[in-house]
Amino acid sequence: MDYRNIINEQLESMNLEALEELAGRGNMLFLNDLSVSEIISRLIEGKPLFNFDSITESIINLFFKEFSSSVSLGIQIIAVCIIMALMTHLCSAFGSSAASSIGMMVCSCTVVAMCLFNFRDIYSLCENSVTNMATFMQVLIPVLLPLILSMGGFSSGGILSPAIISSVTIFTTLIQKIILPLLFFSCIFILGNSLADRDYVKKLAVLLRSAAGFIIGFSVTLFSGLTAIQSLVTKSADGMLIKTAKFSVDNLIPIVGSFAADSLDMVLSCTAIIKNSIGIFGLIVIILLLMFPLIQILCVALVYKITATLVEPIGNKVIADCLNEMGNTVIVLAVMLFLCAVLFIIFISILISIGIAL
């Protein structure tokens with residue numbers, strides 16, 4: 001029996017609707033709007049999925065588009081800072097210190113409000129991106145689980161899949177309930193500190209941001225390390241099991257034992273091909289789910305950094321420091337999103353590697 005027929009029959013028997021629905025959030029335009037089954041078939045047959053020239057052009061256009069939309073925030077902040085500088089000089093010339101203080105406070109509150117609204121959008125973008133990746137993982141793993149079990153990966157399927165799903169759930173909850181709130185309060189303290197002449201809560205804001213960075217780094221190391229160690233043990237046990245099964249079929253069944261063993265080997269190989277193709281498809285979707293929000297967040301961070309550099313010569317050092325710290329906080333958000341995707345990519349790679357050892 002031709003291996004293509006076996007693969008097509010297995011693909012037709014699989015329910016990929018939920019996977020296809022979630023994959024659509026990853027901007028499947030780069031995949032030429034192919035369905036999940038078509039993408040998997042192309043991966044199996046070795047056909048190209050991407051046009052790398054168009055992808056490069058799209059990424060560059062996306063970067064400049066997001067950067068241009070973020071620049072408007074920087075221009076508004078610079079305009080407010082120029083007004084603040086003019087008010088300070090005019091009020092000093094006419095000796096009206098009270099009016100100068102009130103005007104400075106109004107302008108500072110305006111800058112804080114603009115930064116806060118912008119950070120709220122970035123915060124929501126990060127939260128939604130993490131949720132989309134986690135939901136996709138929770139749908140992808142149950143699709144891979146039957147394939148792993150059908151290959152004889154009972155230890156891997158029985159231990160790794162629940163462990164990975166639990167890790168995804170715990171990690172996502174950790175981000176949404178602890179890490180993101182820490183970064184949000186860090187942003188609030190940074191913006192509040194910019195309304196005063198002295199640094200009252202800046203060190204607390206930096207501490208919260210550092211704590212968030214430490215927790216995300218430690219969590220990625222812990223979850224990926226434990227899962228990798230578990231995979232080494234389960235792959236060895238499954239490898240022994242499937243080799244024993246092949247030997248038993250080959251030697252204990254008279255006459256047709258060798259043919260049955262070869263047929264079993266072909267079915268297992270076809271299942272491994274499908275599993276690995278679905279895993280690679282999962283890697284592609286996770287990267288697409290990461291790429292677009294990451295570019296947008298980095299553009300905002302770059303605008304904050306450039307704006308802080310341009311504002312400082314105007315004479316408002318407090319606002320400049322505030323914008324610089326805001327840029328650092330947004331960068332931590334980008335790092336958090338990147339490490340989240342890296343952890344999910346590690347999980348998928350471990351599941352892909354299971355078939356190699358069997």
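First things first, this report covers the structure right here in the doc. Every value quoted in this text rests on a predicted model; they were computed, and no experiment measured them. (Residues numbered from 1 in each chain as written. Predicted model: local features only at pLDDT ≥ 70, side-chain atom pairs only at ≥ 80, totals over all residues. Heavy atoms only, no water.)

Topic: the overall build of the protein
Inference 1: In terms of regular secondary structure, the protein is built from nine helices and zero strands.
Inference 2: Secondary structure elements in the protein, listed N-terminal to C-terminal, are α-α-α-α-α-α-α-α-α.
Inference 3: Across the 358 residues in the protein, those meeting the buried criterion constitute 45%.
Inference 4: A sequence separation of at least 24 residues applies to 82% of the contacts in the protein between residues at least 6 apart.
Inference 5: A total accessible area of about 17,400 Å² is found for the protein, and carbon and sulfur atoms account for 67% of it. (Helix = DSSP H or I, 4+ residues; strand = E, 2+ residues; numbered from the N terminus. Buried < 20%, exposed > 50% of the residue type's maximum accessible area, 1.4 Å probe, protein only. Contact = heavy atoms within 4.5 Å. Areas by Shrake-Rupley, 256 points an atom, 1.4 Å probe, with all protein chains shown as cover.)

Concerning the pattern of salt bridges
Inference 1: Applying the stated criterion across every chain, the model contains two salt bridges.
Inference 2: Close ionic contact of R120 with D121 constitutes a salt bridge, the shortest N to O distance being 3.8 Å.
Inference 3: R209 serves as the salt-bridge partner of E325, at 2.8 Å between the closest nitrogen and oxygen. In this pair, E325 sits in helix α9 (residues 317-357) while R209 sits in helix α7 (residues 202-252), placing the two residues 116 residues apart along the sequence. Pair check on accessibility: E325 and R209 agree, each one buried. (Salt bridge = Lys/Arg side-chain N within 4 Å of Asp/Glu carboxyl O.)

Topic: a nonpolar patch on the surface
Inference 1: On the surface, I60, F63, F64, L302, I306 and L310 cluster together into a nonpolar patch covering about 510 Å² of accessible area.
Inference 2: When residues of the nonpolar patch are traced back to their parent elements, those giving at least two are α4 (52-94) and α8 (257-311).
Inference 3: Relative to the helices and strands, I60 resides in helix α4.
Inference 4: Residue classification places I60 among the partly exposed residues on the basis of a relative accessible area of 41%. (Patch = residues over 30% accessible without salt bridge, like charges linked within 9 Å, V, L, I, M, F, W, Y side chains within 5 Å.)

Quick look at the nonpolar core
Inference 1: Of all hydrophobic cores here, the largest spans 78 residues; its most connected members are M137, F171, I175, M326 and F344.
Inference 2: When contributions to this core are tallied by element, the ones reaching two or more residues are α4, α5 (97-150), α6 (154-193), α7, α8 and α9.
Inference 3: With 20 residues, α5 is the single largest residue contributor to this core.
Inference 4: In this view, F171 contacts I216, S219, V220, F223, C340, L343 and F344; residues no more than four positions away in its chain are not counted.
Inference 5: Ranked by size, the runner-up nonpolar core spans six residues in total, among them L62, I284, L288 and C299. (Core = buried A, V, L, I, M, F, W, Y, C linked by side-chain atoms within 4.5 Å.)

Re the environment of K275
Inference 1: Checked against the element boundaries, K275 lands in helix α8.
Inference 2: K275 sits in the buried class, given a relative accessible area of 1%.
Inference 3: Each C-alpha atom of the pair K275 and S353 lies 9.9 Å from the other, and the pair is 78 residues apart in sequence.

Section: the packing of aromatic side chains
Inference 1: Taken as a whole, this structure holds 10 aromatic pairs when the rule is applied.
Inference 2: Summarising the aromatic geometry, the rings of F184 and F185 are spaced 6.1 Å apart at their centres and angled 75 degrees between planes, so their arrangement reads as edge-to-face.
Inference 3: For F184, a relative accessible area of 29% puts it in the partly exposed group.
Inference 4: Here F185 falls in the partly exposed class, since its relative accessible area comes to 44%.
Inference 5: Members of the aromatic cluster, joined through ring pairs, are F119, Y123, F184 and F185. (Phe/Tyr/Trp six-rings, centres within 6.5 Å; stacked < 30°, edge-to-face > 60°.)

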